[in-house]
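Read off the chains here:
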Amino acid sequence: MSGVAGPVAGPPKWWPSGPLWDWLGVTTATLLILFGSLGESYPGNPSHALPPGAHPPPWPAYLLVTAAGIALAWRRRWPPAVLALTVALTSAYSMLGFVYGAALIAPTIALYSVVVAGGLRRAVLPAVVTIVVLTLAGGILGPYRSFGGAATVAPFELLVAVGLGLAAANRKAYLAEAHDRAREAERGREEEARRRVDAERLRIARELHDVVAHTMATISVQAAAAAHVLTDPPREAAEAIAAIRTASKDGLRELRTILNVLRQADDRDPVHPTPGLDDLDVLVGTVRRAGVPVTLSAPVPAPPRAAAVDVAAYRIIQESLTNVLRHAGPATAAVTLAVEDGHLVIDVVDTGVGVAGRPTGHGLNGMRERAGSIGGTFHAGPGAQGGFAVHATLPLDGPVS
């Protein structure tokens, strides 16, 4: 006997579906219809006496109105069919000569469900047909043989169901539209986030490729110079120098091809000389002129560093100061650079509004990726004395291959 359980079979498609309160509502409506019909058949108040010639129905007649109430359980799955069935059962009960006042509950609820499901355009014809049929069935074709009794109330009762159904349908459509708008807005924010992250990654890749291309060009030139100045090098050394020149030339050619693709992918960003830490004075001066007092503390002379580290450090400081300008409010900023254990340590601290109102994704992700791409670390968050702090540690020698 297999121990693997098969899929659990669900209820058949024809079985009514709905929450527990829906089943309780259908049960309550059916009981109201049944006991209401019994009360109408045996009135205790003389003013509610049966019309002349009418008599209480035999018990099988109550099956008609009971079936109409039970049919409401399927009104959500097949609204028009349930409406047609309840109208037919209620009309048959009335045309047999029995008062259908309580039995109107079933077609009224069914008509409400049709209006909610289809809206005004799809509900006009069913509503008109329902009102006409039930009015005739309870009037000249019913026990009164004229427009009296429940037949005078039926049109107004059914029109109230139409009005309530339209209100519910409009609210349903409004909530669906609001949900769609919220979903579209969320999708737009996600697309914008991806676009900005991709743009930052593209910029990082382009700058790193510029740095690597410059380094490989230098290697190629130096290898050519070594081959030229060495008058009688050993054969192994000559072969090594030739291999270096060939590899650097091939790699440089491939890098230039990649660079052309990268630069064409973002024509809005013109190609300028790659900035570095030597340009920090210009950057700090620009931020000061924009209204944020900035202090700069850096070792003099600047420590030797890999080109990729130079670019990453500058971009991290640039993005941090840009965030101060955009999000910190009235504030001051301090940029501190230090060298510890072969690493360049960067701290950018401001006295602004702290975490509230700060960007949580695009710029910070870009800085984190810059630091991680060269083997460094990055952290950003509220400062010890308030405001906001950015801390990055970058290896001076660059990424380890």
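Residues numbered from 1 in each chain as written. Predicted model: local features only at pLDDT ≥ 70, side-chain atom pairs only at ≥ 80, totals over all residues. Heavy atoms only, no water.

Caption draft 1: Summary view of the overall build of the protein. Check the secondary structure of the protein and you find 9 helices and 5 strands. Sequence-distant contacts, at least 24 apart, represent 72% of the contacts inside the protein between residues at least 6 apart. Approximately 23000 Å² of the protein is accessible, and the part contributed by carbon and sulfur atoms is 64%. (Helix = DSSP H or I, 4+ residues; strand = E, 2+ residues; numbered from the N terminus. Contact = heavy atoms within 4.5 Å. Areas by Shrake-Rupley, 256 points an atom, 1.4 Å probe, with all protein chains shown as cover.)

Caption draft 2: Region of interest: the side chain of T86. Among the secondary structure elements, T86 is positioned in helix α3 (residues 79-95). When near neighbours in sequence (up to four residues on either side) are disregarded, T86 contacts A68, A71, L72, A106, P107 and A110.

Caption draft 3: Focus on the packing of aromatic side chains. This model, assessed by the stated rule, comprises 0 aromatic pairs. Note that R77 overlies the ring of W78, its terminal NZ or CZ placed 5.9 Å from the centroid. (Phe/Tyr/Trp six-rings, centres within 6.5 Å; stacked < 30°, edge-to-face > 60°. Lys NZ or Arg CZ within 6 Å of the ring centre and 35° of its normal.)

Caption draft 4: Region of interest: the packing of α3 against helix α4 (residues 105-138). The interhelical angle for the contact between α3 and α4, taken along N-to-C directions, is 15°, at an axis separation of 9 Å. On the basis of the axis angle, α3 is roughly parallel to α4. Taken as a pair, α3 and α4 cross one another with a handedness that is right-handed. The residue inventory of the contact of α3 with α4, partitioned by class, reads 16 nonpolar, 7 polar and no charged. (Axes fitted to C-alpha atoms, helices over the stretch in contact; angles between N-to-C directions. Parallel < 35°, antiparallel > 145°, perpendicular 65-115°, else oblique. Left-handed = near helix turned anticlockwise from the far one by under 90°. Nonpolar A, V, L, I, M, F, W, Y, C, P; charged D, E, K, R; others polar.)

Caption draft 5: Examining the side chain of D350 more closely. Among the secondary structure elements, D350 is positioned in strand β3 (residues 343-350). One polar contact links the side chain of D350 to the main-chain amide nitrogen of G352, over a distance of 2.8 Å. (Polar contact = N/O pair within 3.5 Å; in protein donor to acceptor, adjacent residues only side chain to side chain.)

Caption draft 6: Spotlight on the packing of helix α7 (residues 280-289) against helix α8 (residues 307-327). Running from N to C, α7 and α8 cross one another at 5°; their axes reach a closest spacing of 11 Å. By the angle class used here, α7 and α8 are roughly parallel. Contacts from L280, L283 and V287 of α7 reach α8 at Y314, I317, Q318, L321 and L325. The residue inventory of the contact of α7 with α8, partitioned by class, reads 7 nonpolar, 1 polar and no charged.

Caption draft 7: Layout of the pattern of salt bridges. In this structure the tally under the stated criterion is 7 salt bridges. Among the salt bridges present, the one from R187 reaches E184, with a minimum N-O distance of 2.6 Å. A residue pair is termed a helical-turn pair when its members lie 3 or 4 positions apart in one helix, as R187 and E184 do in helix α5 (residues 154-229) at 3 residues. Residue class for R187 comes out partly exposed when judged on its relative accessible area of 36%. We note a salt bridge from D310 to R305, for which the minimum N-O separation is 2.6 Å. Among the residues examined, D310 registers a relative accessible area of 16% and is labelled buried. For R305, a relative accessible area of 22% corresponds to the partly exposed category. (Salt bridge = Lys/Arg side-chain N within 4 Å of Asp/Glu carboxyl O. Buried < 20%, exposed > 50% of the residue type's maximum accessible area, 1.4 Å probe, protein only.)

Caption draft 8: Molecular detail of the nonpolar core. Ranked by internal contacts, the top residues of the largest apolar core, which has 34 residues, are I317, L321 and L394. Broken down by element, this core gets its largest block of residues, 9 residues, from α8. Residues within four places of L321 in sequence aside, it is in contact with L283, V287, V294, A333, V335 and V348. Core analysis: the second largest hydrophobic core is formed by 30 residues, V65, F98, A103 and V162 among them. (Core = buried A, V, L, I, M, F, W, Y, C linked by side-chain atoms within 4.5 Å.)

Caption draft 9: Up close: a nonpolar patch on the surface. Residues L120, V124, V128, V132 and L136 make up a contiguous nonpolar surface patch of about 400 Å² in total accessible area. As for its placement among the helices and strands, V124 is situated in helix α4. (Patch = residues over 30% accessible without salt bridge, like charges linked within 9 Å, V, L, I, M, F, W, Y side chains within 5 Å.)

Caption draft 10: Representation of the pairing of β3. Pairing of strand β2 (residues 333-340) with β3 involves 8 bridges; the strand directions are antiparallel. If you follow E340 over to β3, its bridge partner there is H343. A loop of 2 residues connects β2 with β3, the two strands running antiparallel in sequence, and D341 in this loop sits at a positive phi of about 50°. Where β3 meets strand β5 (residues 388-395), 8 bridges bridge the pair, whose relative direction is antiparallel. What sits directly across from D347, in β5, is H391. (Pairing = 2+ DSSP bridges.)

Caption draft 11: Here's a closer look at the confidence of the model for the protein. The predicted model of the protein averages 76 in pLDDT, with 71% of residues at 70 or higher. The low-confidence segment residues 1-8, where pLDDT is below 50, has 0 contacts with residues more than four positions distant or belonging to other chains. Scored below 50 in pLDDT, residues 267-271 makes 4 contacts in the model with residues more than four places away or belonging to other chains. (pLDDT = per-residue confidence, 0-100.)

Caption draft 12: Structural context of the pairing of strand β4 (residues 377-382). Direction of pairing for β4 relative to β5: antiparallel, over a ladder of 6 bridges. For P382, the partnering residue across the bridge sits in β5 and is F388. Connecting β4 to the antiparallel partner β5 that follows it, the hairpin turn spans 5 residues, and G386 within it adopts a positive phi of roughly 95°.

Caption draft 13: Here's a closer look at the sheet that holds β5. What the 5 strands build is an open sheet, ordered β1-β2-β3-β5-β4; its pairing is mixed. Two strands lie at the open edges of the sheet, namely β1 (294-297) and β4, each paired on one side alone. When strand polarity is set aside, the average angle formed by the axes of neighbouring strands in this sheet is 10°. Sitting on the sheet, α7 is in contact with β1 and β2, with an inclination near 165° to β1.

Caption draft 14: Molecular detail of α7. Of the residues making up α7, those classed as buried are L280, L283, V284, G285 and V287. Those residues of α7 hidden inside the fold are in contact with β1, α8 and β2. Where α7 ends, the next residue or the one after it, G291, has phi of about 115°, a positive value.

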